[in-house]
Amino acid sequence: MMLATAASAQDADSEGDVVIATGIRASLENALVEKREADSLVEVIFAEDIGKLPDQNLAEVLENITGIQITRTEGVGTGVQIRGSDQNLIQFNGVTTVGAGNGRGGINFTDVNPAIIAGLEVIKAPEAQHIEGAVGGTINLRTIRPLDLKGPLASVRIQGEDSSLTSGISPRVSGALGNNWENAKGQEIGFVMSGSYTESENTAFRPRLDRDNLTDCTVAVPSTACPSGVDRFLGVQFLNQVQRTQEFETLNLAGSFEAKPTDDLRIFADIVYNDQQQSLSGSRVQASNVSRLNGSGDRAVVPGGNINFTGFETVNIGSAIGENGTQNFGDIAIVTQGTFTPLQADAQVNDGRGAPFFRVGSDAGSRFTETTTVRLGGEWEATEALTVNAEFARSSSDTVNPNLSVNLNFINPNSFIAPSGDGLRDENGTPIIFDLSNGFGFDVNFADPFAPSEADLLDPNNYVFDGTPTYSGDIRENADRAFRLDGSYDFSETGLSDFLTSVEVGVRFGERSSLRDDRDAQRSGSSRLEGSLNAGGISQLLSEIPDNFASGTGNALAVDGVLQVDPNLTRNTREAVATINAAAAAQGLGPIFRSDLISDDAAFFDITEDTLAIYGQANFDLGRIRGNAGLRYIDTQLESTANQFTNGVATLVTVDSSYDHFLPRVNVAIDVTEDVVLRGSYTEDIRRPDFTAITAARTFPDFGGVNGNSVGGNPFLVPEEVQNLDASLDWYFAPEAVFSVGVFRKERDGLFGAVVDTPDETGGVRDTTAPCENGGIFSPGTEAGIFGNGEVGVCVGNQSTFNSDNSTTQEGIEVAVQYNLSAWEDQLGFASGFGMTANYTYQDEKNNTGFVPVSGNRNNVIFGAQGFPNATREAATLLNLSNHAYNLTGYYEKYGLSARLRYTWRDSFATSNLPGTGSVFTPFGFRGIQESRGQLNGSVSYEVLDGLTLQVDAINLTEASSDVYCLSDGGLKCYQGITDRRVVFGASYTF
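The name an unreviewed UniProt entry gives the chain is TonB-dependent receptor, with Litorimonas cladophorae as the organism. Listed under Sequence similarities (unreviewed entry) in UniProt, the entry text for the chain is "Belongs to the TonB-dependent receptor family." Annotation of the chain in UniProt includes, under Subcellular location (unreviewed entry), the sentence "Cell outer membrane".

See the structure below:
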């Protein structure tokens with residue numbers, strides 16, 4: 001049986017027969033009814049059938065709502081922005097959830113299969129009763145309510161997923177079971193259970209190109225690579241071929257129990273359980289230290305003597321807002337095609353180390369997360385006027401991140417190996433050919449006299465471990481416990497009812513905790529060949545990298561036929577570690593991993609946050625004018641525990657802090673006519689900083705992370721304060737139809753910003769001893785890499801978070817329309833099954849957080865040459881905010897056939913999702929800019945028998961790209977993003 005719905009019925013003829021809306025129409029109409037009746041600004045989506053929301057991914061479901069955009073990782077929706085903000089709350093049935101990391105937003109969207117969700121609401125304008133903590137809005141995920149069932153519920157859905165960039169079919173199974181009963185005394189009881197098991201495999205190609213490497217052609221002895229008539233050009237700093245495959249195995253269970261033992265008492269219990277096992281299989285092929293052959297780092301005796309650049313083009317670097325207005329960094333020549341040949345004998349290289357180096361890395365990070373959300377409570381109608389609600393809720397999330405990632409250096413048997421002390425380096429040169437004219441393609445240049453053979457590249461004995469691998473098992477534990485007591489007094493039987501309908505008051509006691517325990521093995525490694533593990537001893541853990549990079553990206557060149565430590569062969573990290581250590585012993589080396597996993601004292605923190613919230617809210621109805629006005633008071637007490645070090649000895653220290661806020665909230669709805677509703681609201685909210693930002697703990701880059709930053713917290717951060725103004729006009733111009741226009745304004749004080757103190761790199765080297773007097777912070781376990789000569793311990797960037805000064809404002813317009821032709825069935829026949837929804841959002845920001853100097857050395861040399869010797873950037877940037885976005889959906893539903901085609905587009909936006917780097921800034925010192933992007937999704941289903949439906953869903957039909965620019969949209973490109981097309985097919989049966 002189906003759930004009870006509010007679907008409208010329309011007269012079909014004069015005898016009173018009705019046509020009942022079902023499927024897509026029913027879900028849209030039900031949502032419209034709830035939105036129309038709400039006093040505040042709420043958007044709603046209902047399932048079209050049991051376990052069938054509009055999309056296969058929860059984030060992509062939310063993308064149907066006006067004012068919401070999403071971000072994707074490996075093509076899968078992972079982040080949701082409401083009116084340009086990621087700072088949102090995620091709830092199950094009104095209960096705050098917690099996520100897998102140490103952030104604030106809540107459960108990860110990839111951890112929830114939409115099959116267990118009956119509907120969802122997005123609260124854009126909160127009432128005083130709503131929990132604080134959202135800048136954009138609150139997303140409430142609803143499960144099926146047992147007492148709403150109109151009969152027994154039993155359904156099952158079986159599906160398979162196919163990806164264009166991987167092989168094989170991934171299974172999906174979901175189902176629901178429920179019923180309710182009423183006895184002769186009128187007592188009711190009911191239950192619903194739903195669950196899903198999902199496997200998914202998603203692949204993306206994310207090649208990276210660093211160009212922050214200036215060649216000055218006006219010097220006394222210019223590079224032989226300088227083209228005629230060019231004063232300067234950008235060469236190549238770093239080439240990286242990145243392929244990432246995420247494998248998901250997700251189990252979701254949801255159960256609800258409801259009972260009404262008396263007419264005035266309802267009790268309930270909800271539980272939602274999520275088990276996510278997410279495994280990364282990533283390969284990285286790097287052409288490293290090419291900067292020693294071109295540009296400012298050229299180590300050849302004759303500058304440019306080891307390169308042959310055959311193609312150039314002129315591009316605009318891009319622009320960025322600075323302290324003195326827009327900084328248009330102008331045009332510059334860039335190399336697009338050419339070759340690098342290895343530096344040979346020391347007499348010719350001037351510390352060139354035999355570059356360029358050829359390295360193959362494997363990324364095998366996993367995330368195993370168990371999340372549970374429990375709600376217990378009851379509602380008691382104490383009198384005809386007084387209702388009391390009591391509720392206890394607990395959300396918890398326990399995560400382990402096992403990771404065994406290894407970089408292999410290829411030792412080219414046909415090229416020079418540079419000395420290192422009294423031995424040899426663990427890396428040497430491999431000739432490279434590149435084509436950057438249409439993508440970021442490169443390969444081994446087999447035409448070079450120093451080139452290895454294809455057989456050499458497949459010989460495990462030609463590979464050695466690069467420094468020390470990563471073996472870790474980080475732990476994240478989060479919990480939110482709350483008890484709330486709410487009361488409502490109805491004035492309908494009093495003289496006040498002409499304007500005051502009810503008053504609500506409540507109190508909520510909350511305790512939130514977050515723990516970070518980074519666990520790593522003590523490791524040993526060497527930058528010398530004789531001390532490095534030869535990969536021939538672990539050949540059973542090796543495999544060729546995937547061979548579909550060229551076909552998947554369309555790049556003219558791509559590397560294949562090289563070896564990696566296979567992530568799928570090292571999932572059992574203990575066995576893989578034992579194999580690696582045994583190989584080291586057989587080669588006369590000490591163990592690579594010298595311990596089991598132990599906690600990193602510097603990174604550890606345990607934070608507890610106690611909150612007390614009290615609110616009062618008056619609900620009013622003056623005929624055409626209705627709404628609510630209230631005040632929420634919130635008091636927050638924090639205890640942050642982390643280690644402090646004295647003479648190298650760690651001691652746990654707890655820092656206390658507190659703050660409180662008064663948050664007024666007013667919502668008004670005016671029924672201008674029977675079909676027109678005008679809404680307005682003023683609300684205030686806060687956004688607390690992530691737990692990683694308020695701890696005194698600090699993380700450092702790993703052995704090979706010299707380009708990453710050390711990240712420290714700031715225990716004295718305070719919440720961001722937000723003031724919201726909203727107004728909207730809805731015109732319900734036909735049954736199941738609406739046209740709406742809304743405007744909004746957010747003023748945000750104390751925006752969180754990131755700043756990096758970078759180490760000096762004069763002469764291409766960094767300080768390798770503590771303290772770092774010339775900037776940065778000393779990272780004792782990081783190899784100096786290209787900034788030194790094999791030293792372990794080097795100055796790296798020092799990143800921290802702060803509250804910016806002044807206010808930042810966001811303003812926007814939202815437009816939406818919904819309509820179908822069902823009312824024209826007599827005139828149109830089959831064509832009356834067509835319908836559409838569309839929405840458009842425009843938003844803009846006025847950033848007033850101030851400016852800071854752009855960090856970095858090589859990039860500032862470029863800016864200086866382009867006329868900006870003192871380049872600056874915004875102190876804090878609103879990430880993931882697109883100025884323009886729209887969503888257009890057309891559907892058909894009739895005669896058992898249901899089809900939908902949806903195109904979603906969003907403008908470019910600033911991002912910190914930069915693959916293959918440990919920094920949140922591009923090599924040019926600014927946030928990356930995700931290109932404008934559109935995606936086409938479609939679905940078709942057909943009810944072949946009563947209750948039996950066949951369905952096909954297609955995601956990213958056009959395989960849209962997802963590139964990232966270094967500075968601004970259309971400027972110099974730093975990263976490519978090529979994602980897969982996925983097709984999900986299957987059948988469902990409702991009994």
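We are not done yet, so read on.
Some remarks on the state of the cysteines
Linking two cysteines covalently via their sulfur atoms produces the bond known as a disulfide. In total, this model carries three disulfides according to the counting rule given. Here C217 engages in a disulfide with C226; their sulfurs sit 2.1 Å apart. On the sign convention where negative means left-handed, the S-S torsion of about -95 degrees between C217 and C226 marks this disulfide as left-handed. Comparing C217 with C226 shows no difference in burial state: the two are buried. Two residues share a disulfide in this structure: C772 and C795, whose sulfurs sit 2.0 Å from each other. With the S-S bond torsion at -100 degrees, the cross-link from C772 to C795 turns out left-handed. In this pair, C772 is assigned in the loop between β44 (752-757) and β45 (777-783) and C795 in strand β46 (residues 792-803), connecting sequence segments 23 residues apart. Judged by its relative accessible area of 14%, C772 falls in the buried class. Among the residues examined, C795 registers a relative accessible area of 1% and is labelled buried.

Regarding empty space enclosed by the protein
Evaluated as defined, the whole model comprises 15 cavities of 30 Å³ or more. In this structure, the largest cavity is lined by 27 residues; those nearest its centre are L28, V44, N64, Q818 and T837. Listing elements by their share of the lining of the largest cavity, those giving two or more residues are α1 (23-37), β3 (42-46), β43 (737-749), β47 (807-820), β48 (834-846) and β51 (884-894). The greatest single-element share of the lining of the largest cavity, amounting to six residues, is contributed by α1. Its residues assigned to classes, the lining of the largest cavity shows 14 nonpolar, nine polar and four charged. What the second largest cavity holds in volume is close to 230 Å³. Taken together, 19 residues make up the lining of the second largest cavity; nearest its centre are Q56, N57, T110, R172 and T198. Taken together, the residues of the lining of the second largest cavity break down into six nonpolar, nine polar and four charged.

Observations concerning the sheet that holds β3
Sheet strands pair by backbone hydrogen bonding; their relative direction is either parallel or antiparallel. An order of β3-β8-β9-β6-β7 is seen for the five strands of this open sheet, with the pairing classed as mixed. Because the sheet does not close on itself, it has two edges, and the strands there are β3 and β7 (95-96). As paired elements, strand β6 (residues 89-92) and strand β9 (residues 138-142) share four bridges and run parallel to each other. Note on β9: the bridge partner recorded for I90 is I139. Against the sheet, α1 makes contact with β3, β8 (119-123) and β9, and its axis sits at roughly 155 degrees relative to β3, the strand it touches most.

Regarding the pairing of strand β11 (residues 169-182)
Where strand β10 (residues 153-163) lies against β11, 10 bridges are found, and the strand directions are antiparallel. Residue pairing for β11: A154 is matched across the bridge by L177. Here β10 hands over to β11 after five residues, with G168 in that stretch at a positive phi of 95 degrees. One ladder, built from 11 bridges, connects β11 with strand β12 (residues 188-205); its direction is antiparallel. Its bridge partner being in β12, N180 is matched across the sheet by G190. Joining the antiparallel neighbours β11 and β12 is a turn of five residues, in which G186 adopts a positive phi near 85 degrees.

Overview of the pattern of salt bridges
In the structure shown here, the tally under the stated rule is 48 salt bridges. Close ionic contact of D726 with R83 constitutes a salt bridge, the shortest N to O distance being 2.4 Å. Separated by 643 residues along the polypeptide, D726 in strand β42 (residues 720-734) and R83 in the loop between β5 (76-82) and β6 bring together distant segments of the chain. A salt bridge links D210 to R208, with the shortest nitrogen-to-oxygen separation between them at 2.7 Å.

A look at unusual backbone geometry
With an omega of -5 degrees, the peptide bond between A770 and P771 qualifies as cis. Position of P771 relative to the elements: it lies in the loop between β44 and β45. Residues other than glycine seldom take positive phi values, yet R83 does so here, at roughly 50 degrees. Assessed through its relative accessible area of 1%, R83 is described here as buried. Here N93, not a glycine, exhibits a phi torsion of approximately 50 degrees, which is positive. Residue placement: N93 occurs in the loop between β6 and β7. Residue N93 is classed as buried on the basis of its relative accessible area of 12%.

Topic: the environment of L557
Residue position: L557 is located in the loop between α5 (549-553) and β34 (563-565). Along the backbone, L557 and D435 are 122 residues apart, and their C-alpha atoms lie at a distance of 6.7 Å. Look past the residues within four positions of L557 in its chain and what remains in contact with it is I433, F434, D435, G441, F442 and D443.

Criteria and cut-off values
- Residues numbered from 1 in each chain as written.
- Predicted model: local features only at pLDDT ≥ 70, side-chain atom pairs only at ≥ 80, totals over all residues.
- Heavy atoms only, no water.
- UniProt positions renumbered as here; feature names shortened; annotations may be inferred.
- Disulfide = S-S within 2.5 Å.
- Buried < 20%, exposed > 50% of the residue type's maximum accessible area, 1.4 Å probe, protein only.
- Helix = DSSP H or I, 4+ residues; strand = E, 2+ residues; numbered from the N terminus.
- 1 Å grid on protein atoms, 1.4 Å probe; cavity = no way out; pocket = protein on both sides within 12 Å on 5 of 7 lines; lining within 4 Å.
- Points joined across faces, edges and corners; volume = space filled by probe spheres on them.
- Nonpolar A, V, L, I, M, F, W, Y, C, P; charged D, E, K, R; others polar.
- Pairing = 2+ DSSP bridges.
- Contact = heavy atoms within 4.5 Å.
- Axes fitted to C-alpha atoms, helices over the stretch in contact; angles between N-to-C directions.
- Salt bridge = Lys/Arg side-chain N within 4 Å of Asp/Glu carboxyl O.

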